[in-house]
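The residues making up each chain are set out below.
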Amino acid sequence: MNLIAQVFAALAGLLHVLIFVMESVLFRRPQVHGRFRTRPEDLDAVRPWALNQGFYNLFLALGALGGVVVVHTGPVTVGATLALFSCACMLGAALVLIATDRRMARAALTQGLFPALALAAALSA
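Quick caveat: nothing in here was measured; it's all calculated off a predicted structure. Counting restarts for each chain, with residues numbered from 1 along the sequence as it is written. Restriction of local features to residues with pLDDT of at least 70 applies here, the model being predicted, together with a cutoff of 80 or more for giving and counting side-chain atom pairs; totals for whole chains, interfaces and linings are based on all residues. To get the side-chain values, take all heavy atoms of the structure and skip hydrogens and water.

(A) Quick look at the overall build of the protein. Only DSSP runs of H or I covering at least 4 residues are called helices, and only runs of E covering at least 2 are called strands; the numbering of each starts at the N terminus. When helices and strands are counted, the protein shows 5 helices and 0 strands. In the protein, the succession of helices and strands from N to C terminus is α-α-α-α-α. The principal-axis extent of the C-alpha atoms belonging to the protein is close to 50 × 25 × 20 Å. Note on exposure labels: buried denotes an accessible area under 20% of the residue type's maximum, exposed denotes more than 50%, and partly exposed covers the range between, all computed with a 1.4 Å probe on protein chains only. Going through the 125 residues of the protein one by one, you find that 37% of them count as buried. Sequence separation of 24 or more characterises 63% of the internal contacts of the protein that already satisfy a separation of 6 or more. For accessible areas, the Shrake-Rupley method is used with a probe of radius 1.4 Å. Any residue's cover is judged against the shown protein chains and nothing else. Taken as a whole, the protein presents about 7,300 Å² of accessible surface, with 70% of it coming from carbon and sulfur. Charge convention: Lys and Arg are scored as positive, Asp and Glu as negative, and His as well as the terminal groups of each chain are ignored. Each charge is placed at NZ for Lys, CZ for Arg, CG for Asp and CD for Glu. Within the protein, the 5 negative side-chain charges are centred at a point lying 7 Å from the centre of the 9 positive side-chain charges. What makes two residues a contact is simply this: any of their non-hydrogen atoms within 4.5 Å.

(B) Molecular detail of the pattern of salt bridges. Definition used for salt bridges: Asp or Glu carboxyl oxygen within 4 Å of a side-chain nitrogen of Lys or Arg. Applying the stated criterion across every chain, the model contains 4 salt bridges. A salt bridge links aspartate 42 to arginine 39; its shortest N-O distance comes to 2.9 Å. On the basis of relative accessible area, aspartate 42 is assigned to the partly exposed category, the value being 25%. Of the residues examined, arginine 39 reaches a relative accessible area of 47% and is grouped as partly exposed. We note a salt bridge from arginine 103 to aspartate 101, for which the minimum N-O separation is 3.0 Å. Looking at arginine 103, the relative accessible area reads 56%, which means it is exposed. What emerges from the salt-bridge pattern is a single network uniting Arg39, Glu41 and Asp42.

(C) Highlighting the layout of surface pockets. Using a 1 Å grid laid over the protein atoms alone, points where a 1.4 Å probe fits but cannot get out form a cavity; open sets with protein on both sides within 12 Å along at least 5 of 7 lines form a pocket; any residue with an atom within 4 Å of a point counts as lining. Grid points are joined across faces, edges and corners, and a volume is the space filled by probe spheres set on the points. Approximately 820 Å³ is the volume found for the largest pocket. If you go around the largest pocket, you meet 25 residues; those closest to its centre are Glu23, Phe36, Leu97, Met104 and Ala107. Of all the secondary structure elements, the ones that give two or more residues to the lining of the largest pocket are helix H1 (3–25), helix H3 (43–73), helix H4 (76–100) and helix H5 (105–124).

(D) Focus on the side chain of asparagine 57. As for its position among the elements, asparagine 57 is in helix H3. For this analysis, a polar contact is any N or O atom pair within 3.5 Å, provided that within protein one partner can donate a hydrogen and the other can accept it, and provided that sequence-adjacent residues contribute only side-chain to side-chain pairs. One polar contact links asparagine 57 to glutamate 23, side chain to side chain, over a distance of 2.8 Å. What asparagine 57 contacts, discounting residues up to four positions off in sequence, is His16, Ile19, Phe20 and Glu23.

(E) How the structure looks around the environment of valine 71. Summarising the element assignment, valine 71 is placed in helix H3. Considered as a pair, valine 71 and leucine 82 are 11 residues apart in the sequence and their alpha carbons are 9.4 Å apart. Excluding its chain neighbours within four sequence positions, the residues that come into contact with valine 71 are Met1, Gln6, Val76, Gly79 and Ala80.

(F) Here's a closer look at the nonpolar core. Each nonpolar core is a collection of buried residues, namely Ala, Val, Leu, Ile, Met, Phe, Trp, Tyr and Cys, held together in the definition by side-chain atoms within 4.5 Å. Core analysis: the biggest nonpolar cluster contains 10 residues, these being Ala9, Ala12, Leu60, Ala64, Val68, Ala83, Cys87, Met90, Ala118 and Leu119. Among the secondary structure elements, those contributing two or more residues to this core are H1, H3, H4 and H5. Sequence-distant contacts of alanine 12, that is, excluding residues within four places in its chain, are made with Cys87, Met90, Phe114 and Pro115.

So this is what it looks like as structure tokens:
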């Protein structure tokens, strides 16, 4: 796994940790739940879904970050596989987001760009 792919995988992981914080820790704040197009009157219904989705993002982040660590400390193939699989899942989620709600194009681009660049860099090496 080349250095450029590692950097983008790590950035994707760090971004998804931030998304976890937004969805699972800070979701009730108006400036946060507004980013997810959630109305204040719907918070109680949406909150459990956001919490669960946040943990999905955390687990993907840990896969990408852990994979990069393993590239440097363990079997390179194992680390690269873990990091790139996590990035592929992140990119897949971004594609599903844009396919289901075009108003979320900016969010889909934000969450999908680093993983896509990591995959592209890995495939071009």
